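Analysis of the macromolecular model
Chain by chain, the residues run as shown.
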Amino acid sequence: HEELLKAGVLVEYHEGMGDVMFVSHTWLRRNRPDNEEGVKFALLRAVLQRAVDGKLDVKPYWGVAAVFKGSSDLFHLKAAGMRRSMKDGYVFLDFISIPQADPEAQKLAIASLISYVSASAYFLCLAGPWTHEDGSSRDEMAWSERGWCRMEGIANFLSPKPKPIILATSPSRIVTHAPSGAVG
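Let me sum up the structure you'll find in this document. (Residues numbered from 1 in each chain as written. Predicted model: local features only at pLDDT ≥ 70, side-chain atom pairs only at ≥ 80, totals over all residues. Heavy atoms only, no water.)

Take the packing of aromatic side chains next. A full pass over the atoms with the stated rule returns six aromatic pairs. Ring geometry for Tyr 13 and Tyr 116: centres 6.0 Å apart, planes at 70°, overall edge-to-face. Here Tyr 13 is found in the loop between α1 (2–7) and β1 (20–25), whereas its partner Tyr 116 is found in helix α7 (residues 113–119), with 103 residues between them in sequence. Given the relative accessible area of 27%, Tyr 13 is considered partly exposed. Judged by its relative accessible area of 25%, Tyr 116 falls in the partly exposed class. Here Tyr 61 and Trp 62 contribute two aromatic rings whose centre-to-centre distance is 5.6 Å and whose plane-to-plane angle is 45°, an arrangement assigned as tilted. On the accessibility criterion, Trp 62 (64% relative accessible area) is exposed. Through successive ring pairs, a cluster of aromatic residues spans Tyr 13, Phe 22, Phe 92, Tyr 116, Phe 123 and Trp 143. (Phe/Tyr/Trp six-rings, centres within 6.5 Å; stacked < 30°, edge-to-face > 60°. Helix = DSSP H or I, 4+ residues; strand = E, 2+ residues; numbered from the N terminus. Buried < 20%, exposed > 50% of the residue type's maximum accessible area, 1.4 Å probe, protein only.)

So this is what it looks like as structure tokens:
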């Protein structure tokens, strides 16, 4: 956060600035969100590139389509809309959007997470078949069990305009779930 702020590439959120994609994920190391190979940032980059290229057509997970038969179109995020929205859009990712060095500033930023989730146009969950440095799993199931991730998901579900959860487990497996999550 501090390095990007110093470089002048961070943008402070203000209402009406354009669409924001909130990124929820679990960290793969104690002090860094990604592993040495950068698998998580590579997936995020692939998702965002597909969005701005107009190639990110995200369909509902089969279970969502079955449960919400007549309404499954609500969970289909079409490529043209994603491109229009994200070509000049923004990304909220905790590691870059929340101060890491100043504990007081960090507490204030964390306290505002619910507002960022609510104001975002998209809710993206990065949950590949990854392993934390301590050996524990960091896949979709692990994401749904982690306290912070559950809080972010609940903030989405309870926001004035809940968004489908875009679940990306690999560049080729990206689906939506209902705002209430996989098990609803």
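A word on the pattern of salt bridges. Using the criterion set out here, one finds two salt bridges in the structure. One salt bridge connects Lys 107 with Glu 104, and the closest N-O pair in it is separated by 3.5 Å. Separated by three residues within a single helix, Lys 107 and Glu 104 lie in helix α6 (residues 103–111), roughly one turn from each other. For the residue pair Lys 107 and Glu 104, the accessibility class agrees, reading exposed in each case. (Salt bridge = Lys/Arg side-chain N within 4 Å of Asp/Glu carboxyl O.)

Turning to a nonpolar patch on the surface, a few remarks are in order. A contiguous nonpolar surface patch, about 330 Å² in accessible area, is contributed by Ile 154, Phe 157 and Leu 158. Its relative accessible area of 44% is what places Phe 157 among the partly exposed residues. (Patch = residues over 30% accessible without salt bridge, like charges linked within 9 Å, V, L, I, M, F, W, Y side chains within 5 Å. Areas by Shrake-Rupley, 256 points an atom, 1.4 Å probe, with all protein chains shown as cover.)

Right, let's get into helix α4 (residues 79–86). Restricting attention to buried positions, one finds in α4 the residues Ala 79, Met 82, Ser 85 and Met 86. Buried residues of α4 fall within an arc of 135° about the axis and therefore sit on the same side. Along α4, the residues that are exposed and aim more than 90 degrees away from the buried face are Ala 80 and Arg 84. (Arc of directions from axis to C-beta.)

Moving on: the sheet that holds strand β2 (residues 59–60). In space, the six strands of this open sheet follow the order β2-β6-β5-β4-β1-β3, with mixed pairing throughout. Each having just a single partner strand, β2 and β3 (90–93) make up the two edges of the open sheet. Sheet analysis places β1 next to strand β4 (residues 122–126), joined by five bridges and oriented parallel. For Met 21, the partnering residue across the bridge sits in β4 and is Tyr 122. In this fold helix α2 (residues 39–52) packs onto β1, β3, β4, β5 (165–170) and β6 (173–177), with an angle of close to 145° to the strand it touches most, β4. Packed onto the sheet, helix α9 (residues 147–158) meets β1, β4 and β5 and runs at close to 145° relative to β1. (Pairing = 2+ DSSP bridges. Contact = heavy atoms within 4.5 Å. Axes fitted to C-alpha atoms, helices over the stretch in contact; angles between N-to-C directions.)

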